[in-house]
Amino acid sequence: MISFLRGTVAHVGLSTAVIDLNGAGMSVYATPQTLSKLRTGEEGKLFTSLIVREDSLTLFGFASDDEREVFDILLSVSGVGPRLALAVLAVHDPEAIRVAAHTEDSKTFTKVPGIGPKVAGRIVLELAGKLVPHGTATPAGAPAASSEGVWKPQVVAAMTSLGWSEKDASGSIDKALADAPELAGEGNVAEILRTTLRWLGQDGARAGNRVGSRG
């Protein structure tokens, strides 16, 4: 398995880059965001995933190991190939994808060209338990975090990755938990995030609080 490439950037195109590894040019597919960070003639590093087919070997490159991990997990969904998985990462960052999968927010995936409601629904169904926002897991035997200073920044960060401002995210969390103070006491990040998103209502008027509509 080729885990990463490091070498001189020989070429940067619209969808691929060529990395010169001691005279051997390796062509790698990547998102526009990743390609924009590469400079021809300078050293570049990409984390990679090798897709093996009967008639081809294709490398896909990523700016971080987290992007590659999300890409590989997306490939586990039936009907999602490497090009579509890469398209998801071109529209959403890894944390936004984790949040959408964990909270069963299929509409986030319909914003990706080529993904309709049926495929989006299959994605959230098949990714259940496979992708969770960072910081949501509590070690076995450890008490749940009860301090707002511990869990709230994590929930706010997850919401800002989905497009809300920090101010709107923080206020929405407070209002969503007004009738469920026990959640704040338990400090379960995933459950608090899910409850807040439900309170906001993706189809309701509260969604108007979202900053910079992405679709």
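Note that this is a predicted model, so its numbers are computed, not measured.

1. With respect to the nonpolar core
Counting residues in hydrophobic clusters, the biggest one holds 26 residues, and the most contacted among them are Phe-71, Phe-109, Ile-115, Ile-123 and Leu-127. Those elements giving two or more residues to this core turn out to be strand S5 (56-62), helix H2 (65-74), helix H3 (82-91), helix H4 (94-102) and helix H6 (117-126). No other element matches the five residues that H3 contributes to this core. Not counting chain neighbours up to four residues away, the residues in contact with Ile-115 comprise Leu-84, Val-88, Phe-109, Thr-110, Ala-120 and Ile-123.

2. Examining a nonpolar patch on the surface
On the surface, Leu-50, Val-52 and Leu-57 cluster together into a nonpolar patch covering about 280 Å² of accessible area. Tracing the chain through its elements places Val-52 in strand S4 (residues 43-53).

3. Notes on the sheet that holds strand S3 (residues 24-29)
Around the barrel, which closes on itself, the five strands sit in the order S1-S2-S3-S5-S4 with mixed pairing between neighbours. Across the sheet, the mean angle separating the axes of adjacent strands is 55 degrees when strand polarity is ignored. Relative to S5, S3 runs parallel, the two being bridged by two bridges. Note on S5: the bridge partner recorded for Val-28 is Leu-59. In this fold H2 packs onto strand S1 (4-12), S4 and S5, with an angle of close to 15 degrees to the strand it touches most, S4. H3 rests against S3, S4 and S5 of the sheet, and its axis sits at about 10 degrees to S5.

Scoring rules and cut-offs
Residues numbered from 1 in each chain as written. Predicted model: local features only at pLDDT ≥ 70, side-chain atom pairs only at ≥ 80, totals over all residues. Heavy atoms only, no water. Core = buried A, V, L, I, M, F, W, Y, C linked by side-chain atoms within 4.5 Å. Buried < 20%, exposed > 50% of the residue type's maximum accessible area, 1.4 Å probe, protein only. Helix = DSSP H or I, 4+ residues; strand = E, 2+ residues; numbered from the N terminus. Contact = heavy atoms within 4.5 Å. Patch = residues over 30% accessible without salt bridge, like charges linked within 9 Å, V, L, I, M, F, W, Y side chains within 5 Å. Areas by Shrake-Rupley, 256 points an atom, 1.4 Å probe, with all protein chains shown as cover. Salt bridge = Lys/Arg side-chain N within 4 Å of Asp/Glu carboxyl O. Pairing = 2+ DSSP bridges. Axes fitted to C-alpha atoms, helices over the stretch in contact; angles between N-to-C directions.

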